[in-house]
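Residue strings, one per chain:
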Amino acid sequence: MKAIIYCRVSTDKQTQETSLSRQKEELVLLAKRNDLSIFKIIEEKASGFEIERDGIFEILEDFKEKRAEVLLIQDDTRLGRGNTKIALVHQLIKYDVQIQTINDNGELKLSETDTLVLDIVSVVEEYQRKLHNLKIKRGMNRAIKNGYNPFENLGNTNAGGRIKKEIPIEEIVRLKKMKLTFREIAATLRGFGYDVSKATVHRRYQEHLKDSQEHEFNPVEVN
């Protein structure tokens, strides 16, 4: 398995430089002891309460792209402190990353409090996903009830379900005439394969109204 070593200190003091070197040496030994191939070593000087760190973004990108499977750190405070630590551990778990520490001599052992918070975050995320899907379903049902025919829109996606980037203004106008809100229109279009937000739907609709008005006041002359 491939591992990323992450070392962090909070200041530029000389004592911290020594700590950074010690972390690196001990983590390299941990990798060898556990027969892990070192993919990358990242060293940072930043506060553990700060989530906007170049090294953190780099390891998250690497794990997201499955370039490595294990994260090696001295202890969980090197990853972050407070809410920052919880947020990062949660994201790494979602990427199926195994976190190993020197302090635990292997896989990270979270406290009961941290485990409880992570469980709560997972439950909240699940309900947010369900609410999002219900909003899409509600918008689609209301559109269909008002005469919208989804089978006329099966051409909105390419083969394999790939989403087209263009957004059908005629569908936005038609759904708006059915008294749907911009939020419901956006949810309905997403259900049919369009990656569109409420703000985008509103903007496209306003642009359509403006274009219609300009066309009305400036008719095209026919020779």
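Note that this is a predicted model, so its numbers are computed, not measured.

Draft legend 1. How the structure looks around the pattern of salt bridges. Enumeration according to the criterion identifies seven salt bridges in this entry. Close ionic contact of aspartate 114 with lysine 85 constitutes a salt bridge, the shortest N to O distance being 2.9 Å. Of this pair, aspartate 114 sits in helix α5 (residues 112–145) while lysine 85 sits in helix α4 (residues 82–94), placing them 29 residues apart in sequence. With respect to burial, aspartate 114 and lysine 85 carry one shared label: buried. One network of salt bridges, in which partners are shared, links Lys40, Glu58, Asp62 and Arg67.

Draft legend 2. Quick peek at the sheet that holds strand β4 (residues 98–101). Sheet architecture is open: five strands sit in the order β2-β1-β3-β4-β5, paired in mixed fashion. Every interior strand has two partners, whereas the edge strands, β2 (37–45) and β5 (106–107), have only one.

Draft legend 3. Focus on the nonpolar core. Grouped together as the largest cluster of nonpolar side chains are 19 residues, with contacts concentrated most on Ile4, Ile56, Ile59, Phe63, Leu71, Leu79 and Leu92. For this core, the secondary structure elements donating two or more residues are β1 (2–9), α2 (54–64), β3 (70–73) and α4. Beyond its immediate sequence surroundings of up to four residues, leucine 71 is in contact with Ile4, Tyr6, Ile59, Phe63, Leu79, Leu92, Val97, Gln98, Ile99 and Gln100. Judged by nonpolar contacts, the second largest core, of 14 residues, contains Ile167, Val173, Leu180 and Tyr205.

About the criteria used
Residues numbered from 1 in each chain as written. Predicted model: local features only at pLDDT ≥ 70, side-chain atom pairs only at ≥ 80, totals over all residues. Heavy atoms only, no water. Salt bridge = Lys/Arg side-chain N within 4 Å of Asp/Glu carboxyl O. Helix = DSSP H or I, 4+ residues; strand = E, 2+ residues; numbered from the N terminus. Buried < 20%, exposed > 50% of the residue type's maximum accessible area, 1.4 Å probe, protein only. Pairing = 2+ DSSP bridges. Core = buried A, V, L, I, M, F, W, Y, C linked by side-chain atoms within 4.5 Å. Contact = heavy atoms within 4.5 Å.

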